[in-house]
Amino acid sequence: MKEEQIFQIAIDGPSGAGKSTIAQQVAKLLGIDYIDTGAMYRAIGYKILERKINLDHTEEVIDLLGKTDIDFSKGNIILDGEIVNDQIRTPEVTKMASMCSALPEVRAMLVALQRKMGQAKSVVMDGRDIGTNVLTDARYKFFMTASAQERAERRYEELVAKGQNVNFDAVLADIIKRDHDDSTRALNPLKRAEDAIELDTTGMSITEVTEKIIKEIRKNGNC
Ligand code: DC
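Small disclaimer: the values here were computed from a predicted structure and weren't measured.

(A) Representation of the layout of surface pockets. By volume, the second largest pocket amounts to about 170 Å³. As for the second largest pocket, its lining consists of Thr94, Lys95, Ser98, Met99, Ala102, Asp174, Lys177, Arg178, Asp181, Asp182 and Arg185. Looking at the lining of the second largest pocket, the elements that each hand over two or more residues are helix H4 (91–100) and helix H8 (168–184).

(B) Seen up close, the environment of Arg107. By the element assignment, Arg107 lies in helix H5 (residues 104–120). With 29 residues separating them along the chain, Arg107 and Thr136 place their C-alpha atoms 16 Å apart. For Arg107, the residues in contact, after removing those within four places along its chain, are Tyr41, Ser101, Asp129, Arg185, Leu187 and Asn188. Within the structure, Arg107 has its side chain in polar contact with the backbone oxygen of Ser101 (distance 2.7 Å). At 3.2 Å, the side chain of Arg107 and the side chain of Asn188 are in polar contact.

(C) Structural detail: unusual backbone geometry. Here Lys52, not a glycine, exhibits a phi torsion of approximately 55 degrees, which is positive. Relative to the helices and strands, Lys52 resides in the loop between helix H2 (37–50) and helix H3 (58–66). Residue classification places Lys52 among the exposed positions, given a relative accessible area of 73%.

(D) Up close: the packing of H3 against H5. In the contact formed by H3 and H5, the axes pass within 10 Å of each other and the chain directions differ by 15 degrees. Relative to H5, the element H3 lies roughly parallel. Here the hand of the crossing between H3 and H5 comes out right-handed. Residues Thr58, Val61, Ile62 and Leu65 of H3 lie in contact with H5, whose contacting residues are Glu105, Val106 and Met109. Across the contact of H3 with H5, the residue classes tally to five nonpolar, one polar and one charged.

(E) Spatial organisation of the sheet that holds strand E3 (residues 70–73). Strand order in the open sheet formed by three strands is E3-E4-E5, and the pairing between neighbours is antiparallel. Edge positions in the sheet fall to E3 and strand E5 (82–83), since each of these pairs with one other strand and no more. Bridging between E3 and strand E4 (residues 76–79) involves four bridges; their strand directions are antiparallel. Bridging from a neighbouring strand, Asp71 pairs with Ile78 of E4. The strands touched by H2 within the sheet are E3 and E4, with E4 carrying the most contacts at an inclination of about 40 degrees.

Rules and cut-offs
Residues numbered from 1 in each chain as written. Predicted model: local features only at pLDDT ≥ 70, side-chain atom pairs only at ≥ 80, totals over all residues. Heavy atoms only, no water. 1 Å grid on protein atoms, 1.4 Å probe; cavity = no way out; pocket = protein on both sides within 12 Å on 5 of 7 lines; lining within 4 Å. Points joined across faces, edges and corners; volume = space filled by probe spheres on them. Helix = DSSP H or I, 4+ residues; strand = E, 2+ residues; numbered from the N terminus. Contact = heavy atoms within 4.5 Å. Polar contact = N/O pair within 3.5 Å; in protein donor to acceptor, adjacent residues only side chain to side chain. Buried < 20%, exposed > 50% of the residue type's maximum accessible area, 1.4 Å probe, protein only. Axes fitted to C-alpha atoms, helices over the stretch in contact; angles between N-to-C directions. Parallel < 35°, antiparallel > 145°, perpendicular 65-115°, else oblique. Left-handed = near helix turned anticlockwise from the far one by under 90°. Nonpolar A, V, L, I, M, F, W, Y, C, P; charged D, E, K, R; others polar. Pairing = 2+ DSSP bridges.

As structure tokens, this is what we get:
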């Protein structure tokens, strides 16, 4: 692919808005890579929990970051050479990912890595600050939302399908708390980029949202 043909698609939004599923579909349809930045924060959160590191001990966090390698290969997230797709999806890691994503040292490392990953080739990247901070020059920016109730229902069904024993009210409360924490943290909070197209996916199917995004991209002749 020639340099001028490289383009980035940034998809941001709160948890449970359907970003990863849609971003994956869009990437597949366009034949480009998908980068799940939430999985990168989760991988760091997982390692912090494994090593029992106290987030207040900044030196230890910095030391851990310096010895951490994160990559994606064939749809898998690789942490220090090991596939950790499932380990990073537990409720404990979800909480720790949100907490450690507020640390400047963690964000600095991951944002630098994400920019590197997004510059080399065409990508679909999803997260909270992709359009506002990581890939500010992305050719396409989308901000995906859905009502908290619907996002909680989607997450609840996902967890039940995985065999986890969950309570709906707890899932809803967790979504509301994460929305609050992610959008009020001082550093790169969840926010719609001014030039992002807002997509409210409440009541929409995965196919409908994917088609809407592809249509926007086609308008500009990129697929
Ligand atoms: O999308 P997710 O639930 O896998 O993200 C896990 C956490 O990482 C979430 O609480 C917010 C944080 N995150 C972030 O701060 N910035 C990003 N670009 C992606 C995720």
